[in-house]
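These are the residues of each chain, in order.
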Amino acid sequence: MEVIRGLHNLREEHRGTVATIGNFDGVHLGHRAILEQCHAEAARSGLPVTVVVFEPQPREYFAGDQAPPRLTRLRDKVGLLKECGVDRVLCLPFNESLRQLTAAEFIERVLLEGLGVRHLVVGDDFRFGCDRRGDFALLTEAGRSSGFSVEHTLTFRIDDDRVSSTRVRTLLACGNFEAAARLLGRPYRVSGRVVRDQQRGRTIGVPTANLPLLPGPLVLRGVYAATVEIHGGSDGEASQRHPAVVNIGWRPTVGSPRPVLEAHLLDMQADLYGKRLTVVPCAKLRGEETFADFAALKTQIYADIDRARAVFARDPDGPRPYPLASAPRAREAATQDSPAGQAPADHYDG
């Protein structure tokens, strides 16, 4: 899969494509239904599939810290889109220049001159261009005059509710990892490379592998039982999977300039600096707290470790995340046409 950063990097060979546009935050089952529509048309026309995304996401540009927390950072999103068989990702920097493009200019510069789009899949509530004046009707009209077709997205539902990034965030925030996994089509995970940090954990016999997180709102915040995969190196080293207790947040007791994920791997001592880890939260143990002093925090850390051990003792291979009563288990999934005026499969929900 090819990643193209910015309109200026588009070449003649990138023209002629089936395209869709959105945030694709989480690349959940609703997004995958949209990609299946793109692949179906691509198979009929013999064209590649291009996904257009924005960095930062438009809500982040306008709302800053008030924007919804991300489910996936760009690197992980690109990896998931690759798994879905996407041929190209066009990442457009969402800045003042892009914001000021009129709807007609967006169609001309991005869709026609840039991509030479032949078929476009978007929601019938899709708005674009300066002041969001462009809509599905304008795209359809432009398609008729410029030679590309426009198709509205399908709605993907589980438990009679539309699958959306907002719904996934809500489930994750309340610790319902099983239900979130049903909407994502996979367990929720956080990946990153281990960096050196304050190393306070070593002073109390609880060393942690620290992954820096993006500044801004967090979809998870607190202490969790989790499994951690240590990815093998380029020399063919096999990946390893370990139970862990994980803290995600701002570490209010000791202070932190940015959010961090700290993972203490149970019964394991190893130098993990520079290693790439994938963390899969299984059960929420508690929320983020501020303690009176480091001694009180130390006592709580050992209690958290004991609770995480109890979680894994119920299943040595890793616990199944258990749902909360407020978020019922998913029963079925289906696709259907999205009625006009109703929100479609949520690929614009950040």
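Structure: see above.
Residues numbered from 1 in each chain as written. Predicted model: local features only at pLDDT ≥ 70, side-chain atom pairs only at ≥ 80, totals over all residues. Heavy atoms only, no water.

K.L.:
Before we move on, could you go through the overall build of the protein and cite the residues and values that matter?
P.N.:
The helix and strand tally for the protein stands at 9 helices and 15 strands. Classification of the 350 residues of the protein by burial places 50% in the buried group. For the protein, the share of sequence-separated contacts (at least 6 apart) that also reach a separation of at least 24 residues comes to 77%. (Helix = DSSP H or I, 4+ residues; strand = E, 2+ residues; numbered from the N terminus. Buried < 20%, exposed > 50% of the residue type's maximum accessible area, 1.4 Å probe, protein only. Contact = heavy atoms within 4.5 Å.)

K.L.:
Can you explain the sheet that holds strand S6 (residues 149–152)? Please cite residues and give values.
P.N.:
Taken in spatial order, the 6 strands of this open sheet run S1-S4-S3-S2-S5-S6, and their pairing is parallel. Of all strands in the sheet, those bounded by a partner on one side alone are strand S1 (2–5) and S6. Adjacent strand axes in the sheet meet at a mean angle of 25 degrees, parallel and antiparallel pairs treated alike. The strands that helix H6 (residues 136–146) touches are strand S5 (117–122) and S6; relative to S6, the one it contacts most, it runs at about 150 degrees. (Pairing = 2+ DSSP bridges. Axes fitted to C-alpha atoms, helices over the stretch in contact; angles between N-to-C directions.)

K.L.:
Would you mind going over unusual backbone geometry in detail, with residue names and values included?
P.N.:
With an omega dihedral of 0 degrees, the bond running from Glu-55 to Pro-56 counts as a cis peptide bond. Turning to its location among the elements, Pro-56 is positioned in the loop between strand S3 (49–55) and helix H2 (58–63). With phi around 55 degrees, Asp-159 is a residue other than glycine that occupies positive phi space. Looking at Asp-159, the relative accessible area reads 9%, which means it is buried.

K.L.:
Tell me about the sheet that holds strand S14 (residues 276–286), and please be specific about residues and values.
P.N.:
Spatial strand order, S9-S14-S11-S12-S13-S10: 6 strands in an open sheet with antiparallel pairing. Taken across any chain shown, the strands that pair with only one partner, and hence form the sheet edges, are strand S9 (190–193) and strand S10 (209–212). With direction set aside, neighbouring strand axes in the sheet form an average angle of 35 degrees. Where S9 meets S14, 4 bridges bridge the pair, whose relative direction is antiparallel. The partner of Val-190 across the bridge, within S14, is Val-279. Sheet strands in contact with helix H9 (residues 294–313) are strand S11 (222–230), strand S12 (240–249), strand S13 (260–265) and S14, and its direction is about 95 degrees off that of S14.

K.L.:
Quick one: what's the story with the nonpolar core, residue by residue and with numbers?
P.N.:
Formed by 35 residues in total, the largest nonpolar core has its most connected members in Leu-172, Tyr-188, Leu-220, Val-246, Leu-261 and Leu-265. Where this core is concerned, the elements lending two or more residues are strand S7 (154–158), helix H7 (165–173), helix H8 (177–184), S10, S11, S12, S13 and S14. At 5 residues, the largest contribution of residues to this core is made by H8. Not counting residues within four places of it along the chain, the set of residues in contact with Leu-265 comprises Val-228, Ile-230, His-242, Pro-243, Ala-244 and Leu-272. Listed in part, the 27 residues of the second largest apolar core include Leu-101, Ile-107, Leu-139 and Phe-148. (Core = buried A, V, L, I, M, F, W, Y, C linked by side-chain atoms within 4.5 Å.)

K.L.:
How would you summarise the pattern of salt bridges if you had to cite specific residues and measurements?
P.N.:
For the structure shown, the criterion picks out 16 salt bridges. The shortest N-O distance in the salt bridge between Arg-99 and Glu-96 comes to 2.8 Å. Taken together, the residues Arg-99 and Glu-96, both in helix H4 (residues 96–99) and 3 residues apart, mark about one turn of the helix. As a salt-bridge pair, Glu-289 and Arg-286 come within 3.7 Å of each other at their nearest N and O atoms. Of the residues examined, Glu-289 reaches a relative accessible area of 36% and is grouped as partly exposed. For Arg-286, a relative accessible area of 13% corresponds to the buried category. Each member of the salt-bridge network shares a partner with another, and the members are Glu-55, Glu-60 and Arg-70. (Salt bridge = Lys/Arg side-chain N within 4 Å of Asp/Glu carboxyl O.)

K.L.:
Please set out the packing of aromatic side chains residue by residue, giving values where relevant.
P.N.:
Note on aromatic pairs: each is described by the distance of the centres and the angle between the planes. This structure, assessed with the given rule, holds 7 aromatic pairs. Ring geometry for Phe-54 versus Phe-94: centroids 5.9 Å apart, planes at 85 degrees, classification edge-to-face. With a gap of 40 residues between them, Phe-54 in strand S3 and Phe-94 in the loop between strand S4 (88–93) and H4 connect regions that are remote in the sequence. With a centroid separation of 5.9 Å and 70 degrees between ring planes, the pair formed by Phe-177 and Tyr-224 is classed as edge-to-face. Here the residue Phe-177 occupies a position in helix H8, and Tyr-224 occupies one in strand S11, the gap between them amounting to 47 residues. Across the pair, exposure class does not vary: Phe-177 and Tyr-224 are buried alike. Counting every residue linked through ring pairs, the aromatic cluster contains Phe-54, Tyr-61, Phe-62 and Phe-94. (Phe/Tyr/Trp six-rings, centres within 6.5 Å; stacked < 30°, edge-to-face > 60°.)

K.L.:
Quick rundown of the packing of helix H5 (residues 103–114) against H6? Include the residues and the values.
P.N.:
Close contact between H5 and H6 brings their axes to 11 Å; oriented N to C, the two are set at 50 degrees. One finds that H5 runs oblique with respect to H6. The handedness of the crossing between H5 and H6 comes out as right-handed. Contacts from Ala-103, Ile-107, Leu-111 and Leu-112 in H5 reach Leu-138, Leu-139, Ala-142 and Ser-146 in H6. Residue composition of the contact of H5 with H6, by class: 7 nonpolar, 1 polar and no charged. (Parallel < 35°, antiparallel > 145°, perpendicular 65-115°, else oblique. Left-handed = near helix turned anticlockwise from the far one by under 90°. Nonpolar A, V, L, I, M, F, W, Y, C, P; charged D, E, K, R; others polar.)

K.L.:
Explain the pairing of S7 residue by residue, including any values.
P.N.:
Buried residues dominate S7, accounting for 4 of its 5 residues. One ladder, built from 2 bridges, connects S7 with strand S8 (residues 161–162); its direction is antiparallel. When the bridges of S8 are listed, Arg-157 appears paired with Arg-162. Linking two consecutive strands that pair antiparallel, namely S7 and S8, is a turn of 2 residues; a positive phi of about 55 degrees is found at Asp-159 within it.

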